[in-house]
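Chain by chain, the residues:
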Amino acid sequence: MVRIHIKNGRLIDPAHGVDAIQDIFIAKGKIAGIGAMPEGFQVSRVIDAHGLIVCPGLVDLSVRLREPGFEYKATLESEMAAAVAGGVTSLACPPDTDPPLDEPGLVEMLKHRARNLNLAHVYPIGALTQGLKGERLTEMAELNDAGCVVFGQPDSMLVDLKVLMQAMHYASTFEFGVWLRPQERSLTGSGVAHDAEVAIRLGLPTIPVCAETIAIANILLLAKETGVKVHLCRISSAEGLTMIRAAKQQGIPVTCDISINHLHLSDMDIGFFDSNCHLMPPLRSSGDRDALRAGLLDGAIDAICSDHTPVDEDAKLLPFGQSEVGATGVELLLPLTLKWAKDTRLPLLRALAKITSESAKVLGVDAGHLAVGNAADLCIFDPDCYWKVTASGLLSQGKNTPFLGMELPGKIRYTVLNGQMVYEQ
Amino acid sequence: MINRHPQLDSHGALQHLLTTEGLPASILLHILDTAESFVGVTERDVKKIPLLRGKSIFNLFFEPSTRTRTTFEIAAKRLSADVINLNIAVSAQSKGETLLDTVNNLSAMNADMFIVRHAQSGAAHLIAKHVRSDIHVINAGDGSHAHPTQALLDMFTIRRFKQDFRALRVAIIGDILHSRVARSQIHALTTLGVPEVRVIAPKTLLPRMVERLGVHVYHDMAKGLRDVDVLMMLRLQNERMKGAYLPSAEEYFKYYGLTPEKLMLARHDAIVMHPGPMNRGVEIDSAVADGKQSVILPQVTFGIAVRMAVMSILAGNQA
């Protein structure tokens with residue numbers, strides 16, 4: 001059994017407010033000591049983390065692994081390798097596979113395949129309704145036995161509010177969280193871009209902000225009614241955020257996240273029809289982006305996720321409106337979080353909380369923090385090393401991201417999962 | 001990230017014509033001036049001009065069109081080019097070939113220029129970005145985005161009848177929301193220095209924040225037409241009734257259709273334009289369309305000269 005001594009690193013553990021030079025000792029897959037060496041500890045490997053930051057393995061709330069059904073876009077092997085290359089050791093994967101994750105057998109198979117790869121902890125999000133069709137409930141309790149911790153509809157809100165209310169009631173029976181992306185479908189239509197100047201100039205069909213706010217209003221009212229824990233995925237607008245902030249103040253059990261794309265970009269980045277910026281929800285105004293950044297600071301937004309969505313190259317080489325939605329991102333979660341911290345002079349302790357302790361809390365798993373006796377999931381990175389995002393440099397099978405060509409801070413040196421080195425460079 | 005200009009080369013010369021937006025007035029005026037020299041040619045019973053001799057021009061129409069395609073074809077032939085018409089709506093695309101596959105295949109056949117019409121906004125930009133650097137792309141209409149040659153022929157027509165752009169009040173009337181023509185007209189008019197561009201339509205046919213394009217918004221014809229020098233009508237698609245944009249063609253005609261009575265509200269010497277094809281009795285009354293203030297047929301004639309100008313500027317053999 002490997003016994004690792006990580007020395008001289010700057011340990012940042014947001015959950016416990018730690019930001020100090022401290023050593024870590026790992027044995028039997030668990031953290032054996034923090035700070036002082038445990039008595040009788042036999043070191044078999046020493047990692048000198050001088051100049052590096054040691055933090056809990058990252059927890060990413062949305063990583064599409066594309067299996068089963070979309071292996072031409074990406075595979076479990078490629079995407080989990082990408083995840084650990086990005087320092088992510090726990091990830092939630094949405095149920096929009098083919099078939100969707102609506103049966104215990106499928107979830108068991110996915111968990112089994114993921115466990116054999118032994119690269120990151122995979123937490124499947126169970127489908128809230130059968131086939132994600134929004135009509136009949138899934139076997140949530142059985143799916144939970146199979147490994148689903150929360151349930152959701154990833155693309156947009158259910159059409160039928162009665163079904164949604166029932167699904168919330170049923171989920172709350174077992175205290176399962178319900179994850180929804182707030183988007184009123186009838187207002188989204190065939191829209192592909194934020195309803196403002198850029199889309200007007202480019203003649204792109206638009207998605208108004210009220211497509212998000214109306215959905216948020218409905219979801220919050222139903223959450224209040226049913227008492228279910230709701231997580232709102234991928235908020236895009238200032239107005240939507242204001243509603244969530246108010247709901248939190250009223251004590252409604254709601255959390256929310258934003259993607260790395262919406263943390264940095266606005267509709268202006270679409271430029272001349274850059275299909276890498278074809279995302280859902282659409283990139284909104286720079287004012288919205290600034291409001292989202294403020295929401296992260298005041299706690300209205302709980303977490304940042306990569307919204308990792310590998311798309312095959314050809315599907316992006318189409319006119320904007322016909323191109324496939326999504327961007328690769330799991331390898332950019334840390335760099336873009338660091339960039340945000342640097343841009344806004346935010347202490348790393350606070351920035352990293354949004355991709356470790358806070359995101360783990362949203363997911364409801366014991367991860368994203370460091371404690372003696374806990375699984376040794378760690379991410380060790382060089383915060384000052386800048387690297388250029390290139391298609392060939394990304395391990396993910398998805399090569400499309402709006403950040404291609406940009407120099408970003410933060411290079412992962414080691415990723416440790418259950419005390420084992422699963423990535424090092 | 002550094003993006004090269006989508007339609008100018010590194011010397012600031014026109015490489016593609018994709019949109020009127022972002023083009024300097026000097027380029028727009030150069031096109032109009034060049035077109036002037038071709039008007040005589042089109043009016044005479046013509047000898048061909050050899051400016052595009054030996055060049056292959058592909059008309060790539062992913063959306064059905066007879067008028068625009070025909071005017072491009074005539075313009076290209078008058079410049080002595082070889083023209084190949086491809087009606088792709090019924091060929092490769094239905095066999096699942098992608099847009100760029102089609103373009104790459106045709107590029108391999110020594111194409112010099114693509115004239116592209118497509119139902120998706122941005123299609124021409126996409127092609128321009130991926131073709132060999134010696135190929136030129138002209139956007140003949142992409143989705144609701146742009147139709148630059150239409151706008152240029154409109155500018156040509158306005159200049160013919162009204163001379164100075166800087167002394168004009170222009171109103172664009174109709175379905176601005178879905179109109180690539182309107183967008184290209186607005187950019188061209190504002191670039192050429194028209195001090196007041198108005199749009200007149202019900203709110204369902206106007207983009208939110210349309211005033212950001214530099215136009216004044218009116219919902220009422222009586223107010224919007226007052227003191228206007230140029231009226232640019234837009235075609236109203238029948239599908240608009242289905243999408244709940246409008247209740248009926250009748251109500252639209254009553255409030256926004258251009259009748260002789262409404263035309264009286266504009267300046268007495270105002271001109272009336274329409275990009276065609278017209279829906280008589282929907283957006284325009286026949287008495288106006290065929291009336292003495294109408295310049296709709298000259299628009300069509302000038303369209304050939306303007307397209308000749310664009311093609312020769314892009315790909316003309318150096319004299």
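Scoring rules and cut-offs
All chains use their own residue numbering, which begins from 1 and follows the written sequence. Chains and ligands are labelled by the order in which they are written, letters from A for the one and numbers from 1 for the other. This being a predicted model, a pLDDT of at least 70 is required before a residue's local features are given, and a value of 80 or more before pairs of side-chain atoms are given or counted; all residues contribute to the totals for chains, interfaces and linings. Strands here are runs of E lasting at least two residues and helices are runs of H or I lasting at least four, both read from the DSSP assignment and numbered beginning at the N terminus. This radius of gyration counts C-alpha atoms alone. The globule rule is 2.2 Å times how many residues there are, raised to the power 0.38. Working definition of burial: number of other C-beta atoms within 10 Å of the residue's own, with buried at 20 or more, exposed at 12 or fewer, and partly exposed in between, all C-beta atoms being placed from the backbone. In this description, any two residues whose backbone-derived C-beta atoms lie within 7 Å of each other are considered to be in contact. Start and end points for every domain follow an automatic or database-based domain assignment. Asp, Glu, Lys and Arg are counted as charged, while Ala, Val, Leu, Ile, Met, Phe, Trp, Tyr, Cys and Pro are counted as nonpolar; the rest, among them Gly, fall into the polar class. Definition of nonpolar core: a set of buried Ala, Val, Leu, Ile, Met, Phe, Trp, Tyr and Cys residues joined via C-beta atoms within 7 Å.

Caption draft 1: Expanded view of the overall build of chain A. Counting secondary structure elements, chain A contains 13 helices and 20 strands. At 21 Å, chain A has a C-alpha radius of gyration in line with the 22 Å of a compact globule built from 425 residues. When its C-alpha atoms are laid out on the principal axes, chain A stretches across 65 × 45 × 45 Å. With 425 residues in all, chain A has 59% of them scored as buried. Contacts spanning at least 24 positions in sequence make up 75% of the contacts within chain A whose residues lie at least 6 apart.

Caption draft 2: The arrangement of the domain arrangement of chain A in detail. Residues and elements named next belong to chain A. Taken as a whole, chain A is organised into domain 1 (4–54 + 374–383 + 410–424) and domain 2 (57–363). Domain 1 and domain 2 are separated by 30 Å when their C-alpha centres are compared. Domain 1 puts 15 residues into the contact, and the matching count from domain 2 is 19 residues. Of all the secondary structure elements, the ones that give two or more residues to the side of domain 1 that touches domain 2 are strand 18 (378–388), strand 19 (407–417) and strand 20 (420–424). Here the side of domain 1 that touches domain 2 is built from residues that sort into 11 nonpolar, two polar and two charged.

Caption draft 3: Inspection of the environment of A391 of chain A at higher detail. Residues and elements named next belong to chain A. Mapping A391 onto the fold places it in the loop between strand 18 and strand 19. For the pair A391 and S156, spaced 235 residues apart in sequence, the C-alpha to C-alpha distance is 29 Å. What A391 contacts, discounting residues up to four positions off in sequence, is K399 and L404.

Caption draft 4: Summary view of unusual backbone geometry. Note that the residue after E67 of chain A, namely P68 of chain A, is joined by a cis bond; omega there is -5°. Tracing the sequence through the fold places P68 of chain A in the loop between strand 8 (58–60) and helix 1 (76–85). Residues G276 of chain B and P277 of chain B are joined by a peptide bond in cis, for which omega reads -10°. Tracing the chain through its elements places P277 of chain B in the loop between strand 9 (271–273) and helix 10 (286–289). The backbone of R66 of chain A sits at a positive phi, close to 70°, despite the residue not being glycine. Mapped onto the fold, R66 of chain A is located in the loop between strand 8 and helix 1.

Caption draft 5: Expanded view of the nonpolar core. Counting 241 residues, the largest nonpolar core has V84 of chain A together with F114, I173 and L231 of chain B as the members making the most contacts within it. Considering every element that reaches this core, the biggest residue donor is helix 11 (residues 296–315) of chain B, with 11 residues. Counting only domains with at least three residues in this core, you end up with domain 1 (4–54 + 374–383 + 410–424) and domain 2 (57–363) of chain A. Among all residues touching V84 of chain A, those that are not within four sequence positions of it are L119, A120, T415, L417, V422 and Y423 of chain A.

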